Amino acid sequence: MLGIIEPEDRLAGDTPYWNPKTETLGRERLEALQLAKLRRQCEWAAARSPWYQRKFAEAGFEPASLQTISDLRRIPMLTRDDWMSSQEARPPYGEIPAIGGDGAIRVHTTSGTTGRGPLRALDSRKDWAWIAEMWCYALWGCGVRPVDTAYIAFGYGSFIGFWGLHYAMEKMGVLNVPGGAQPTEARVRQILDFEATVVASTPTYALRLAQEAEIQGLDLRGSAVQRLILSGEPAGSIPQTKALIEEQWGAKAFDTAGMTEIGTIMVFECWHQPGGTHIIEDNMIEEVIDPATLEPTAYGERGERVVTSFGRGAIPLIRYRTGDLVCKVPASRCECGRGFDIYEGGILGRVDDMKLVRGTNVYPRAIEAIVREFPEVDEFQTVITHEGIRDEITLRVEMKPDFPMDKWDALSTDLHRRLAQAHEGLNFRINYAGTGELPRFELKAKRTVDLRDSPVGVGG
Ligand SMILES: [Zn+2]
């Protein structure tokens, strides 16, 4: 990686932390801070949100009874189903919000293609300040500074995505170039024309931009871009995908993750890149539970994320079951000096992403990691079907336009062997897909298609 300026060298007397006071707190003081904020958030919810009032009463829970951080476990959990049901019963916003539309300044929705339609999330002016503040932890932590120019490859629509990153850049004094709705080709040219030093996009779209630059004969590696801020998909934390992005851009890529239900990010990768993302623990509590028993898991064990955020007033999010699969490890794993614990490998996927094919567990993330080691592959898709008496799994592969067809047999054989090795010998069919045949994604890539009658969703 050439020409990347370490944050330490960029400004004399600089600090690597956005919020040095709280980012370096020890566990005990951090938990005391969390407890105080948790109590305040529960009091707020109990006073203003009809849904929480009812839930707290049913569970016999009172905010004043929170004496230690583990008392948190007495608070009932909130699910996406609860949110949707409440929205349907009392449209348009349901009874979870602590304020009505008149106290809010904007509403965003999830991309919501699944089932019951999108979630609607309200935010006040104060919420928006907090949303931007969370992004600042990530941006500052990976070395973005006011001297930068940021290109935001994002549609600025109903999906909350990079809206908060945009405001964080403004707050830090970074020059923003909003990508908005325009073709990929135009976006690549703007990145070069404005001499952007930072680019924000989904991991999939970072690859798509690089692909387009290559088609146009434009040199991204020689451009001013030094950092990519990735968000929106777990793919950003797959080492092979990240390495490919870094190689194609000649820049460092930093993983973050957020969700509409919080309005912002809850984890970020610091400059040291310890193989995972720090949890912004002075502003949220992230529990990891066994999705079947709901008991907390230990450090190093996989489980489901349950998040409590302290910053969003309009929609207090208390013990929200996310369905995200994670593995928490202690802060000491990283050398940066932060006291914030780490999700090893970032967000590992969805708890129900795992597919059971002929008795073998198949994770989309593991397939992607293997496919990304073949740089000749342009796009791919995994299709699971039920044929006759058994399940079949097929990897459809689209090659780069200049791929010589006489190399296909060798490549597909190699791919077949590697996938089988990683999946207890499971036989993947490898199918060639024509140029442009497979779907392309800007947001939330969905490369696994399960066509069986009843997809198997298994926890853990
Ligand atoms: Zn760190």
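Small disclaimer: the values here were computed from a predicted structure and weren't measured. (Residues numbered from 1 in each chain as written. Predicted model: local features only at pLDDT ≥ 70, side-chain atom pairs only at ≥ 80, totals over all residues. Heavy atoms only, no water.)

Visitor: Honestly, the overall build of the protein in this entry has me stumped. Any pointers?
Guide: The helix and strand inventory of the protein stands at 12 helices and 20 strands. Expected size for 460 residues packed as a compact globule is a radius of gyration near 23 Å; at 22 Å, the protein falls within 12% of this value. Judged by the C-alpha coordinates and their principal axes, the protein covers about 70 × 65 × 40 Å. Contacts in the protein between residues at least 24 apart in sequence constitute 70% of all its contacts with a sequence separation of at least 6. Element-wise, carbon and sulfur atoms account for 51% of the exposed surface of the protein, whose accessible area totals about 19200 Å². (Helix = DSSP H or I, 4+ residues; strand = E, 2+ residues; numbered from the N terminus. Rg over C-alpha atoms; globule rule 2.2 N^0.38 Å. Contact = heavy atoms within 4.5 Å. Areas by Shrake-Rupley, 256 points an atom, 1.4 Å probe, with all protein chains shown as cover.)

Visitor: Would you take a moment to explain the coordination of the zinc ion for this structure?
Guide: Where a metal carries four tetrahedral donors, each ideal angle is 109.5 degrees; where it carries six octahedral donors, the ideal angles are 90 or 180 degrees. Note on the zinc ion: its protein donors are Cys270 (SG), His278 (NE2), Cys334 (SG) and Cys336 (SG). The metal-donor distances range over 2.1 to 2.3 Å. Donor residues binding the zinc ion come from one chain and are separated in sequence as C-x7-H-x55-C-x1-C. You can see histidine 278 sitting in strand 9 (residues 276–279) and its partner cysteine 334 sitting in the loop between strand 12 (320–329) and strand 13 (342–344), a full 56 residues away along the chain. The exposure classification of histidine 278 matches that of cysteine 334, with both residues buried. (Donors = N, O, S within 2.8 Å, 3.2 Å for Na, K, Ca; no water. Buried < 20%, exposed > 50% of the residue type's maximum accessible area, 1.4 Å probe, protein only.)

Visitor: Just to check I follow, could you spell out the packing of aromatic side chains for this structure?
Guide: Each pair of aromatic rings is reported with the distance of its centres and the angle of its planes. Applying the stated rule across the entire model yields 14 aromatic pairs. An angle of 50° between the planes, with centres 5.6 Å apart, marks the rings of tyrosine 52 and phenylalanine 56 as tilted. Of the two residues, tyrosine 52 and phenylalanine 56 both sit in helix 4 (residues 50–59), 4 residues apart, roughly one turn of that helix. Tyrosine 52 gets classed as buried once you look at its relative accessible area, which sits at 1%. Among the residues examined, phenylalanine 56 registers a relative accessible area of 3% and is labelled buried. Here tyrosine 137 and phenylalanine 340 contribute two aromatic rings whose centre-to-centre distance is 6.4 Å and whose plane-to-plane angle is 35°, an arrangement assigned as tilted. (Phe/Tyr/Trp six-rings, centres within 6.5 Å; stacked < 30°, edge-to-face > 60°.)

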